[in-house]
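Chains, contacts and geometry: an overview
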Amino acid sequence: MVSVAFINPFSEEGRQIVRELGDLNSVYEENGDLIDLVIHSRSQDISDDESIPHNLIDLAIKRLEWYIKKKNNPDFDYKKYSYLYNPKITRFDVIAFYLLSQAISVKFGPNSRESRAMAESQGKLMESRLGELSLRDRKHLLSTILGSLLIGDVKWTTLGDLLSSRKIRLPDLVMSHGNLILDEEEFAESFQDKLENRDSHKMYELLIGDHIKELILNKMIMQKTENYITDVYKKSQRKVEPNPILLDLADRISEVLNEPIISYGYRGTEKKMEASPFDTEAFPPCVKMVLDGIKSGGRNDAIILFLTPFLSYARLYPDVFRRNITLKVSDVDPQLEAVEKEILPLIYEAAERCTPPLFEDQPQEKVNINAKMGFGMHSEIELKHEGETTWYTPMGCEKVKLHLPSLCKPDEICKKIGNPLSYYIRRLNDIKYSKNSKTD
Ligand code: SF4
């Protein structure tokens, strides 16, 4: 039977594995059992020694690297990481999990992109692992782990943290008199009068079934990971010097997260469009018009729905449509420096130039600007809120013409593009080309 610690490192089995670790220095030692398990895992590619973790620190790094590459690299090769889906890896994997979480706690703290990446990677790994298990093992683990996390009648308020951080939405849950319903019998009892002639089993499978249980389990473990990082961080503040092994691991974690994501996703002769400071000369007519300030209707939409996505993508991720990979702002601007010093000032100046100035009569609209960059409905931009809303992609020309027609005053270049962002990239390349030809 698969160990619950394979999915839940916070289980008693998981904690027992950590207690048995002994000397922390052993995490750097070549681990023959680990290597043997890796090379004998089903489908594992062993052609390249680089793909094989030789000790527990290597495994910790590979665990995070799996998540970053899977997320960003369209050519991701899961055969290089097959061992991560092998339940026999549990005793090594749990230690790798705690090493990563502790290193992130002491070096970066809870409100960091590293902390978020850790929680997200744990969620994704659990999801993938459950998907690879046999149905029997999957159901067994699901009911055992949920049974230990949610005991007795569960009020929906038990999931307060998950709801407030928007890991789970209230409409995802089925409730009766404030109690969360997950069990099929309970579902049938609670809703028998409402189900009338419908098949109770089918309705249960549709509304709850294993998919909602897995969602709750996944998000609870992610929340526990975040809470654990916070607890270790608080404790580490009282200590003088963190363990150098953890600090060293933290540096390697940074390297994995800083691996230039822009290097993924291009094929053949396709040219990259790097994130770079604004060149306002290359902005399309519609953007220049909004930067001058909106004097008539459509002011709020022009600043919030049109200008904010355009400027944030133009500055940070101009290749979004070519690469077609979803990123977060902090993936390309980890300290949010470009957001604070370049993007927001331009948006605020444009808002100030409007008649009447946007924030003079509607200061709350700053919250909507933050939301459009993915930082939730908050007055300040903070990493801990990133992901609560979606980073809006820039409107295409057709949409601009439909919703904000007064902004569209096309020029010659506009005939060749379908999105103001494509206009910007084309102009940037033209400007660069003409500068290079002058210097040649
Ligand atoms: S055609 Fe597109 S890029 Fe050109 S002004 Fe209109 S909306 Fe802007």
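The model shown is predicted, which means the values in this text are computed figures rather than measured ones. (Residues numbered from 1 in each chain as written. Predicted model: local features only at pLDDT ≥ 70, side-chain atom pairs only at ≥ 80, totals over all residues.)

Remarks on the domain arrangement of the protein chain
Filter applied, for reference: Domain ranges listed in this record stem from an automatic or a database domain assignment. With C-beta atoms placed from the backbone, a contact is any residue pair whose C-beta atoms sit within 7 Å. In this classification, the charged set is Asp, Glu, Lys and Arg, the nonpolar set is Ala, Val, Leu, Ile, Met, Phe, Trp, Tyr, Cys and Pro, and all remaining amino acids, among them Gly, are polar.
Once the domains are mapped, the protein chain shows domain 1 (4-259) and domain 2 (275-439). Taking only C-alpha atoms into account, the centre of domain 1 sits 36 Å from that of domain 2. Contacts between the two partners involve 7 residues from domain 1, matched on the other side by 8 residues from domain 2. Per-class residue counts for the side of domain 1 that touches domain 2 are 1 nonpolar, 3 polar and 3 charged.

Quick look at the site of the ligand
Under the convention used in this document: Note on definitions: a residue is near a molecule or strand provided its C-beta atom, placed from the backbone, lies within 6 Å of it. Strands are runs of DSSP state E lasting at least 2 residues, helices are runs of H or I lasting at least 4, and numbering of each runs from the N terminus.
If you check the shell around the ligand, you find Pro 284, Pro 285, Cys 286, Cys 397, Val 400, Cys 408, Lys 409, Pro 410, Cys 414, Pro 420 and Tyr 423 and nothing else. When contributions to the shell around the ligand are tallied by element, the ones reaching two or more residues are helix 12 (285-291), helix 19 (397-403) and helix 20 (420-439). In the shell around the ligand, the residues fall into 10 nonpolar, no polar and 1 charged.

What about the environment of Asn 111?
Going by this rule: Counting other C-beta atoms within 10 Å of a residue's own tells you its class, since 20 or more makes it buried, 12 or fewer makes it exposed, and anything in between is partly exposed; those C-beta atoms are placed from the backbone.
With respect to the helices, strands and loops of the structure, Asn 111 is situated in the loop between helix 4 (90-108) and helix 5 (113-132). Taking the number of C-beta atoms within 10 Å as the measure of exposure, Asn 111 has 15 and is therefore partly exposed. Spatially, the C-alpha atom of Asn 111 lies 8.6 Å from that of Thr 230, the residues being 119 residues apart in sequence. Excluding anything up to four places from it in sequence, Asn 111 contacts Glu 382, Leu 383 and Lys 384.

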